[in-house]
Amino acid sequence: LRRGVNGLTPAEANVLGEMRGTDTQITTTDGLGGFLVPENWSDFVSATELFKSDIEQVATVIRTSNGQPFNLPANDDTAVVAAILGEGVAATVSDMTFTNVKFEPYTYGSGLVKVSNQLMSDNAFDLASFVGGQLANRLKRGINANLTTGDGSSKPSGIVAGSDAGKTAASATAVTVSEVMDLFYSVDASYRNAPGAGFMMNSSTAKAIRVLGFGSSNDFPAYVPGMSVGEPDMLFGKPVYINEDMDSIATAKKTIIFGDLSQYYVHEAGGVQILRLNERFADALSTGFIGYRRVDGNLLQSSAVKHLVQA
């Protein structure tokens, strides 16, 4: 210290070098400089997605402000046809028969998410909005399953359960283009040619149908994939809607439906409610989040949509 660096003997300089160490200051080791480099965090959360489809995109949705029972009358007069009347002959009485479908919304809950107030305060994201969005997705997934295959017993009657039989496949493990065409033509032309007409199936069934055209010499393939983002695939000129809550190909499963999907009615009462519970968990310095939605569904005209069932 008295003589300075230049006054060190070679031995003293060597000892001092060993004491300092010879490592390079770097960012990847905390003690050599890593502690000096601040970490950056994204201002958004990457959430895992699980596509289920939203059957309400193709159904007819009726929204009311409350959950009072909603009645929707229906009529099937297709068995009655006009007749030629002779001169002076009175027409016979032919009554019309009406039915009624009552919608009584079921309440779906998303499950409770409890977040500490410290995390609410300290996080770098809009955590409240993120949690609310995820709760809405939980509701969508649960409701979509019932609107697809619900049996109407303490739950909505799904579009598959309400559909008529259109075709039984010869195999329990496969489907042919010819069988899909039989399903297509089993639906009356009034529904087959309706603006809301389309197919619905899950991804594995769509793949099974699509690969049937590989190596085929047919100049007009039955299954044509969508050419742009958001455009549905087409099967026999009708859109294909993917719904992962539809059954996969297996024994006695209803794997494909076709018809006027807009004939499926969904009654939503009051919209989606996301509640923020500030007081309930205040003693634990936490905030609760929960979502609710009231929904019912029914296919008014079963002949409007028909299904293919595996053997």
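About the criteria used
Once a new chain begins, its residue numbering starts again from 1 and follows that chain's sequence as written. Where totals are concerned, whole chains, interfaces and linings use all residues; where local detail is concerned, this predicted model gives features only for residues with pLDDT of at least 70, and gives and counts side-chain atom pairs only at 80 or more. Working from all heavy atoms in the structure, the side-chain values ignore hydrogens and water. Any carboxyl oxygen of Asp or Glu that lies within 4 Å of a side-chain nitrogen of Lys or Arg is treated as forming a salt bridge with it. Helix numbering and strand numbering both begin at the N terminus, where a helix is a DSSP run of H or I of at least 4 residues and a strand a DSSP run of E of at least 2. Whether a residue is buried, partly exposed or exposed follows from its accessible area with a 1.4 Å probe, protein chains only, as a fraction of its type maximum: under 20%, in between, or over 50%, in that order. Given the number of residues in a helix, its expected span is that number minus one, multiplied by 1.5 Å. Two residues qualify as a contact provided that any one of their heavy atoms is within 4.5 Å of a heavy atom in the partner residue.

Asker: Where do I start with the pattern of salt bridges in this structure?
Answerer: Think of it this way: side chains of opposite charge can pair up when their charged atoms draw near. According to the stated counting rule, one finds 5 salt bridges in the structure shown. Measuring nitrogen to oxygen at the nearest pair gives 3.1 Å for the salt bridge that ties Asp182 to Lys167. With Asp182 in helix 5 (residues 177-186) and Lys167 in strand 6 (residues 164-168), this residue pair connects regions lying 15 residues apart in the sequence. Note on Asp182: relative accessible area 34%, which makes it partly exposed. Classification of Lys167 as partly exposed rests on a relative accessible area of 25%. Of the charged contacts in the structure, one is a salt bridge between Arg293 and Glu268, with a shortest N-O distance of 2.6 Å.

Asker: When you look at helix 3 (residues 127-149) in this model, what are you seeing that I'm missing?
Answerer: What sets the pattern is the α-helix's 3.6 residues per turn: residues three or four places apart point alike. With 23 residues, helix 3 should reach 33 Å at 1.5 Å per residue; the first-to-last C-alpha distance of 34 Å fits that figure. For helix 3, the full list of buried residues reads Leu127, Val131, Gly132, Leu135, Leu139, Ile143, Asn144, Asn146, Leu147 and Thr148. The inward-facing, buried residues of helix 3 contact strand 4 (106-109), strand 5 (113-116), helix 2 (117-122), helix 4 (159-162), strand 12 (264-277) and strand 13 (286-299).

Asker: Would you take a moment to explain unusual backbone geometry for this structure?
Answerer: What is expected of a backbone is that most residues other than glycine have negative phi and most peptide bonds are trans. One non-glycine residue, Ala252, lies in positive phi territory at about 65 degrees. One can find Ala252 in the loop between strand 10 (238-242) and strand 11 (254-260). The backbone of Leu285 sits at a positive phi, close to 50 degrees, despite the residue not being glycine. Position of Leu285 among the secondary structure elements: in the loop between strand 12 and strand 13.

As far as function goes, none of this settles anything; it's purely spatial.
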